[in-house]
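# Structure assessment
The lines below spell out each chain.
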Amino acid sequence: MKFKKYLKRKALHKLFEKKLKNSEIIGTDGVSTRQFLSIINDEINIIKRKIKNHTYKFSPYKEQLILKGKDSNPRMISIPTNRDRLTLSSLQKFLSDKFKDSLSNDNVNTKVAEIIKTIELQQYESFIKVDIENFFPNIDHVILLEKIEKHIDDVEAIYVINKAIKQVTISKGRRKNKQNETNNKGVPQGLSISNILSKIYLSDLDKKFSTKSNLKYFRYVDDILIFCNKDDVEKIIFEIREQMRMLQLTMHEIKDNSEKSTVGSLKEDKFQYLGFEFFKDKISVRESSIDRLRERIVGVFCKNVKKDDSTLYKELNLKISGCVYNNKQYGWIYFFRQINDLTLLYSLDEFVKKLFKKFHREYDEKKIKKFTKTYYFLKSYNIKKLHSKSYIPNFTKEEKLKKIIQINMKKIVLNFPESMKNISLDSPQKIEIKNSSLSLTKSMKKAIVDLKNDVEYY
């Protein structure tokens, strides 16, 4: 199917509803999602016409810096305008469909499960961990487009990809100076197409090492992990360097016990990958990820110094247990559920208890949740069974709406949702429900983003 099929009006409306409608992101044009929705038909006409005529031009991306920790430089994220986000989302869907059978799976927990299984089989003696230096900023445009053109015969798609990767990202203070500049190297991070373009760029590397019988290969974005036998280590490192040279990339220098690139023995040395720490039979969490969680727990106490205990317990419990929202599980312990380091979990429970004393708050054993109990709970129940359990809260759309109705329509007897049909669309009750729905949706979105930010794995 050609890219133009993904640009049909109905398809773009559906994509906006699913991916962009609830976003609060604003690009360099200053147009909010709500404002964009009011002119979406005109915007879709512009997208379709300009792509067809090869006159589509992306607006400069807005710079957003993401802090990675005290020892690392911040990561620069590029924020497109709403029109460009809709265009890029349709392009991402097109590329995903085209490459669905040839690109690697980026599910972190699936990779970790495979790593654990490989270690348990004890087939290999050594590990090689490789980190690519400044991966996204160093992707070569010519090489990338050549790789894409081998699989895609679509002039419009290639045109839009080229325009997207060549647009610059600008900070607030430098917008006027960079309006007419062009990005001649690298793929901006934060675009909906960034990850799939990076996969395409490294696809030949993946194929080369995934098919070798003398090793086990894993990659997540720019982090590579290889299990092999000791005699093969030097040869494999040489081959990786050659592949990097062909891609005009550079790997971090290999050093002992480095968090970037390193080599070691599976029986004697520890290594970190995707936020996890592996040492012999022990599977734990790397120290920086633990520190991040502790800091964020302290932040909950600092934020609630003058608030009542019920608010403190509510926010702490959500941070400890995570939650299910729209049938997806979120939270620190859920992400790291494959660890077997119970000492760590007990220490986190003790850490929370000590903070109550430090901040002069009452510690109630019956009200506070536990990392240990959440861990055992996750081991006992799969995601489907979590719907009928209460220890990990479940905020689905249907339950959320039921709560809104119960709060805002106490005087009206409702049998949700049939009786809603009898209430006028512009009635005070409907307006009240709509406003409450927007408020709750916004607060839940903030809570989910907060839970995501608790997890540091990359």
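Residues numbered from 1 in each chain as written. Predicted model: local features only at pLDDT ≥ 70, side-chain atom pairs only at ≥ 80, totals over all residues. Heavy atoms only, no water.

## Observations regarding the environment of A164
Mapped onto the secondary structure, A164 falls in helix α7 (residues 155-166). What makes A164 buried here is its relative accessible area of 0%. Sequence separation between A164 and N183 is 19 residues; the distance between their C-alpha atoms is 9.5 Å. (Helix = DSSP H or I, 4+ residues; strand = E, 2+ residues; numbered from the N terminus. Buried < 20%, exposed > 50% of the residue type's maximum accessible area, 1.4 Å probe, protein only.)

## Some points on the packing of helix α4 (residues 82-98) against α7
Put simply, α4 and α7 touch, their axes get as near as 11 Å, and they point 125 degrees apart. Between α4 and α7, the angle is such that the two are oblique. Pair α4 / α7 crosses with left-handed handedness. When α4 is examined against α7, the residues T87, L88, L91, F94 and L95 are found in contact with a partner set consisting of A157, V160, I161 and A164. For the contact of α4 with α7, a count of residues per class yields eight nonpolar, one polar and no charged. (Axes fitted to C-alpha atoms, helices over the stretch in contact; angles between N-to-C directions. Parallel < 35°, antiparallel > 145°, perpendicular 65-115°, else oblique. Left-handed = near helix turned anticlockwise from the far one by under 90°. Contact = heavy atoms within 4.5 Å. Nonpolar A, V, L, I, M, F, W, Y, C, P; charged D, E, K, R; others polar.)

## Considerations on the sheet that holds strand β10 (residues 282-285)
Read across the sheet, three strands follow the order β8-β9-β10 without closing on themselves; strand pairing throughout is antiparallel. Looking along the sheet, the strands with just one partner apiece sit at the ends: β8 (271-273) and β10. Between one strand and the next, the sheet's axes are offset by a mean angle of 30 degrees, whatever the strand orientation. Two strands pair when backbone bridges link them, and β8 and strand β9 (residues 276-279) are joined in this way by three bridges, in the antiparallel orientation. Each bridged residue has a counterpart across the sheet, and for F271 the counterpart in β9 is F278. (Pairing = 2+ DSSP bridges.)

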